[in-house]
Amino acid sequence: MGKDDKTDLLQGTLDMLILRALQHEPMHGFGISGRLRQMSDEVLQVEQGSLYPALYRLVDQGLIKSEWGVSENNRKARFYSLTAAGRRQLDAETANWAKLSAAINLVLRGA
Amino acid sequence: MSILRTVLRRLRSLFGRRRFEDEMADEMRCHLEMQEAANRTAGMDPDEARCAARRQFGHIDGAKEAARDQRRLGLVEDLARDLRFAVRMLAKTPGATALSIVSIALGIGATTALFSLADEVLFNPFPFPKPHELYNVYARDEHGRFVRFTWRDYEVMSQAGASFGQLAASSKHGFLLERPDGEETLAGRAVSSNMLTLIGARTVLGGTALGLADGVPQVVISHRLWRKDFSSAPSIVGRHIRVNRRDCVVSGVLRPDYGDISRLMVLDLWIGAETQFQKGQKDVDDYEFVMRLNPGVRPRAVAAALDASIRGPGGRRPAPVGVPGTRLGADYSMNWTQKAIGGGVLLALLSLLLFVSCANVAQMKLAQAEARKREFAMRIALGSGPWAVARQLLIEAGLLSTIGAAWGVLLAQGLLYWLNLIINSITPWFGLQVRLDWDILGFSAGATAAALLLAGLAPARLVMKLDLTQVLQLGQGTGRTSGWLQRALISGQTAISVAIFGLAVLFLQSFHHAAAVRPGFDPDKSLLVMNVAPGLGLSSGDWANQAGERLAALPGVKGVAAARCLPLTGSGNGQRVSVDIPGGAPLACGVNSVGPNYFAVMGTRLLAGRGFEPRDANGGTAVAVISRELAGCAFGGRDPIGEWLVIDGQKRQITGVTEDLPPSANLHEHPQPYVYLPYEQKGHGELVLFVEAAQMPDSLAPSVRSELKRFDPEIAFFQVKTLRQHLDFALFPDRAAALVTTTLGSLGFLLTAAGLFGVLQFAVNRRTREIGVRMALGADRREVRWMILRESLRTIAWGLVLGLVLLAMAARFFKSAVLDVSPLDPWTYGISAAAAVLVALAAAWLPALRATKIDPVEALRAE
């Protein structure tokens, strides 16, 4: 997989991916960046640094919350988890996305 | 998410910035370490692992900056920054800032305090239910003067008016309340028993019954007295207290808002008049009447019916033709027209005062904006939008007005405290408690803020119109001195200051005239004046003689005299006698009964004949001393000494003629005919003792008191004061008017001077180059100085003219309040104009001096 495959990530998409990554358990920033790569089969490569502004934005919007804790390697790390609002947002966006991508698929295949 | 939460979070982000930075750095370092560890696990060597981690993370500072941007909450943060900048800018010109704050504080403080007072005194509604049904009853005697009613009048009138409504009578008195530690003089009213129910007074405890309970007179006391003397004891109702040395029983305590039926007054005791009668008291004319009309009854008809009942055979003589004999005054209902007009006048005055203080600040802002043009141009050139610059100016204005308003509130509170003290010290009858009126405070603070914002906006407009390159290149303003707005502001300020200052000159002259009025005695005598009620069973003439002898023996006492009443008091002086004028209508004259030493001790001038002597006492020839006015009325040019006059039906020989005296406490009134009768021949009850002291009369008071107490253990003192204090009371209205207008006028001029100074100072700064050129071309320093002074005079010229016109209008309006000064008094106008010119010159002096110090070479090279 080369650099050319790297897709530009729209801001909204990144937000949704983060919410999705946090769906099952709280994670720290490093963990989230790993999960993002993993979830997209390495297609979506987020530059790790740009993850943080997005995280802070989501915290500000009240969709996720953060807490200082200890990582699996006994390091101090900040863990992020979904808030109730975040979970609702994720559901809504997932539904939206499903509709939108279905529509796009239809358009592209039909052509 | 709610807007509130957003704002809160963003506000928090303003203050938690350092913590945010630390945590962000921690978190990112942590991330790098984890990546590095992961890379090592994947088989990289340590150095390579660290570099790879860095690469994978991307630009750390870029990420941090992006995160910061995320949090920035535009407006709030900008505001905070503007605020910090505003504080710095204000601190940069501490003089102008201080002046602005002082102006605003004075404007807001003074107006709020004065108008809270006016509002309380004029507009505060009475707490009585259905006040529009309540009327005061006024009647005039056959000479057109207002009369006080007798109890007989009450009986007759309440019968005549029974079908129209109910009448109640009351009379203000001092009462003696016995307390464990001595006696206390209280102000109260002796009233008809229906009085309190009629006005609708409500109680916190008990009722308003004022009859006899098991033969004991009932009293109702004020909330103030209950709190002060009975420590708010709930058991007060039914308790026996001693009033005027008689047992009374308390039937109720009034609510705190029931002070009296007159404004400002707080009376402590209400007692049934009928329970207090002693022989002959039904004829004492000491009562005021208040009437509650049945709904739908016309006051005019009632007044006619009441009037008819007291006139005619056996009653009073009719009032002169053309004068309404009896009138009902709707003094308790709040007349809306009156209120609207009064309120409008108040607001207009308030706005004028505020205008002066605001104009000053606006002035300063405008001048500064001129000077700061370059700064604004620079900021706009560097990319900040005009709105950002305008916002900056608005914030500075807002900050100034907030600080000024805060000081203004403090000032207003202090002023009100002081005003309450002063007014209540006039007489113990007053119980004024003016509080800060928050509506008025809101109005003045709002007006100030609005004025400041406008003033702030004017420079902003200037900014919008700026031709940047021109301003940046020239660095100095154009030659024009000040805009029309500044001129208008200064003219307005000057006009108002001149008008108020002119009034001050008017009132000061009036005060001096009033102070120079000889009130029928020598105002410079050092006398102790005491109202006393003798307790011994002596006739009051004997009592006065014996007490006088004992007091005269005290060290430091030069002389003692007694009289029935104290000159220059409204009520005690209300006594009248009827004097038959040979060949004319009988004349109602003021009267006093005085002891033998009275004229000597008081320093009353005898213009002819002699005063009273001990031989004029009971049994001798009936005599009288008359005032010059009466001598003129009765005898024309003839010598009255030895002539006879019929006074209240008794023939008396005139032994002397004294100087004239004003008829009441009002020094402005013209003298009226007056009669002195010897004390021993006519006199009873309370009396006034005058003790002349060799030195300070104050210091004599304790020894005089204890000597009198030894002589008569039952004596009651109602009032002990010096003659000076008594005179000050009579002079109070004149003094207050002079004081208030002088203060306001000086304040106005001070503020005008400050504003003018600011404007001229900036003008000189800006014209440094022009002045330099002039001086280089040969203008000498005197010419330059005169140029600045002339400019100052020109600036105020229109304001001065307008101010004199305003003054003429105001002087006409206050014509009746001023003693012996014409509304067109040339001195008043001359002094006010001269003061304005002086102020203009004084304000211009420093800027002018500064202009002359400009070094032409420096000024030209500075560019």
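Structure: above.
So, a few notes on the structure that sits alongside this text. Counting of residues starts from 1 at the beginning of each chain's written sequence and follows it residue by residue. Just so you know, chain letters begin at A and ligand numbers begin at 1, following the order they were written in. Where totals are concerned, whole chains, interfaces and linings use all residues; where local detail is concerned, this predicted model gives features only for residues with pLDDT of at least 70, and gives and counts side-chain atom pairs only at 80 or more. Here the side-chain values reflect all heavy atoms present in the structure, with hydrogen atoms and water set aside.

Quick look at the overall build of chain B
- By the criteria applied, helices consist of DSSP H or I runs no shorter than four residues and strands consist of E runs no shorter than two, each listed in order from the N terminus. Counting secondary structure elements, chain B contains 24 helices and 22 strands.
- Relative accessibility decides the category of a residue: with a 1.4 Å probe and only protein chains considered, values under 20% of the type maximum give buried, values over 50% give exposed, and everything between is partly exposed. A burial count over chain B gives 48% of its 863 residues as buried.
- Contact definition: two residues touch when any of their heavy atoms are within 4.5 Å. Across chain B, every contact between residues at least 6 apart in sequence was considered, and the portion connecting residues at least 24 apart equals 80%.
- Per-residue and other accessible areas were derived by the Shrake-Rupley procedure at a 1.4 Å probe size, with only the shown protein chains allowed to occlude residues. On chain B, roughly 40,700 Å² of surface is accessible, and the fraction owed to carbon and sulfur atoms is 59%.

Points about the packing of aromatic side chains
- Each Phe, Tyr or Trp ring (for Trp, its six-membered ring) is paired with any other whose centre lies within 6.5 Å, and the angle between the two planes then decides the class: stacked below 30 degrees, edge-to-face above 60, tilted in between. Taken as a whole and assessed by the stated rule, the structure comprises 20 aromatic pairs over all chains.
- Between the aromatic rings of Phe126(B) and Tyr332(B), the centroid separation amounts to 5.1 Å while the plane-to-plane angle is 70°, which identifies the pairing as edge-to-face. One end of the pair, Phe126(B), is in the loop between α6 (94–123) and β1 (134–139); the other, Tyr332(B), is in the loop between β11 (326–329) and α11 (336–381), with 206 residues separating them in the sequence.
- Residue Tyr332(B) is classed as buried on the basis of its relative accessible area of 5%.
- Taking 5.5 Å as the distance between ring centres and 55° as the angle between the ring planes, the aromatic pair formed by Trp543(B) and Phe711(B) counts as tilted. In this pair, Trp543(B) is assigned in helix α16 (residues 540–552) and Phe711(B) in helix α19 (residues 697–711), connecting sequence segments 168 residues apart.
- A residue is classified by how much of its surface remains accessible, and Trp543(B), at 0% relative accessible area, is buried.
- An aromatic cluster of at least three residues, connected via ring pairs, comprises Tyr598(B), Phe599(B), Phe612(B), Tyr674(B), Tyr676(B) and Phe690(B).
- Just above the ring of Trp68(A) sits the side chain of Lys76(A); from NZ or CZ to the centre is 4.4 Å. Only when the NZ of Lys or the CZ of Arg is both within 6 Å of the ring centre and within 35 degrees of the ring normal is a charge said to sit over the ring.

Observations concerning helix α18 (residues 628–635) of chain B
Residues and elements named next belong to chain B.
- Residues Leu-630, Ala-631, Ala-634 and Phe-635 constitute the buried set of α18. Take α18 and look down its axis: the buried residues cluster within an arc of 105°, on one side only.
- Of the surrounding elements, those touching the buried residues of α18 are β14 (576–580), β15 (587–594), β17 (623–627), β18 (644–647), β19 (650–658) and β20 (674–678).
- Downstream of α18 by a residue or two, Gly-636 has a phi angle that is positive, lying close to 60°. For this quantity, the arc is that covered by the directions from the helix axis to the C-beta atoms.

Let's talk about the nonpolar core
- In this structure, Val594(B), Tyr598(B), Phe599(B), Phe612(B), Tyr676(B) and Phe690(B) are the most contacted members of the largest nonpolar core, which totals 38 residues.
- Among buried residues, those of type Ala, Val, Leu, Ile, Met, Phe, Trp, Tyr and Cys that are joined through side-chain atoms within 4.5 Å constitute a nonpolar core. In terms of nonpolar packing, the next biggest core, distinct from the first, is built from 37 residues, Val219(B), Leu225(B), Trp226(B) and Cys248(B) among them.

Some remarks on the sheet that holds strand β2 (residues 64–70) of chain A
All names here are of chain A.
- Strand order in the open sheet formed by three strands is β1-β3-β2, with antiparallel pairing between adjacent strands. Every other strand in the sheet has two partners, leaving β1 (27–28) and β2 as the edge strands with one partner each.
- Judged from the seven bridges that link them, β2 and strand β3 (residues 76–82) form a sheet pairing that is antiparallel. Note that in β3 the partner of Ile-64 across the bridge is Leu-82.
- The strands that helix α3 (residues 48–60) touches are β2 and β3; relative to β3, the one it contacts most, it runs at about 55°. Following DSSP output, two strands are said to pair if at least two bridges run between them. Only the stretch in contact is used when a helix axis is fitted, and all axes are lines through C-alpha atoms; the angle between N-to-C directions ranges over 0 to 180 degrees.

Section: the interface of chain B and chain A
- On the chain A side, the residues contacting the 23 residues of chain B number 22 residues.
- Taken together, both faces of the contact between chain B and chain A bury some 2,100 Å²; the carbon and sulfur share is 56%.
- Here, a salt bridge means any Lys or Arg side-chain nitrogen found within 4 Å of an Asp or Glu carboxyl oxygen. Counting every contact that joins chain B to chain A gives three salt bridges.
- When residues of the side of chain B that touches chain A are traced back to their parent elements, those giving at least two are α2 (17–41), α3 (46–57) and α4 (60–71) of chain B.
- The class makeup of the residues in the side of chain B that touches chain A is 12 nonpolar, five polar and six charged. Accessible area that two parts lose when put together, with a 1.4 Å probe and added across both, is what the buried area reports. Only Asp, Glu, Lys and Arg are considered charged in this grouping, and only Ala, Val, Leu, Ile, Met, Phe, Trp, Tyr, Cys and Pro are considered nonpolar; every other residue, Gly among them, is considered polar.

Looking at the packing of helix α7 (residues 151–160) of chain B against helix α10 (residues 299–310) of chain B
All names here are of chain B.
- Running from N to C, α7 and α10 cross one another at 140°; their axes reach a closest spacing of 9 Å. Judged by the inter-axis angle, α7 sits oblique to α10. When the axes of α7 and α10 are compared, the crossing they make is right-handed. On the side of α7, the interface is formed by Asp-153, Val-156, Met-157 and Ala-160, while α10 contributes Ala-305, Leu-306, Ser-309 and Ile-310. Our angle categories are set so that under 35 degrees counts as roughly parallel, over 145 as roughly antiparallel, 65 to 115 as roughly perpendicular, and the remainder as oblique. Left-handed describes a crossing in which the near helix is turned anticlockwise from the far one by less than a right angle; the clockwise case is right-handed.

A word on the pairing of β14(B)
All names here are of chain B.
- Only one face of β14 is buried, namely the one carrying Val-577 and Val-579, since none of Arg-576, Ser-578 and Asp-580 on the opposite face is buried.
- Taken together, the four bridges between β14 and β15 define a ladder with antiparallel strand orientation. Following the sheet pairing, Val-577 is matched in β15 by Cys-589.
- Where β14 hands over to β15, the hairpin turn is made up of six residues, of which Gly-583 adopts a positive phi near 75°.
- Pairing geometry for β14 and β18, over two bridges, is antiparallel. Each bridged residue has a counterpart across the sheet, and for Asp-580 the counterpart in β18 is Val-646.

Points about the packing of helix α20 (residues 723–766) of chain B against helix α23 (residues 826–852) of chain B
All names here are of chain B.
- Following both chains from N to C, one finds α20 and α23 inclined at 30°, their axes separated by 9 Å at the closest point. As far as their axial angle goes, α23 and α20 are roughly parallel. Our pair here, α20 against α23, has a crossing hand that is right-handed. Side by side, α20 and α23 meet where Phe-749, Ala-753, Leu-756, Phe-757, Leu-760, Gln-761, Val-764 and Asn-765 of the first sit next to Ser-832, Ala-835, Ala-836, Val-839, Ala-840, Ala-843, Ala-844, Leu-846, Pro-847, Arg-850 and Ala-851 of the second.
- Broken down by class, the residue content of the contact of α20 with α23 amounts to 15 nonpolar, three polar and one charged.

Just distances and angles here, no functional claims.
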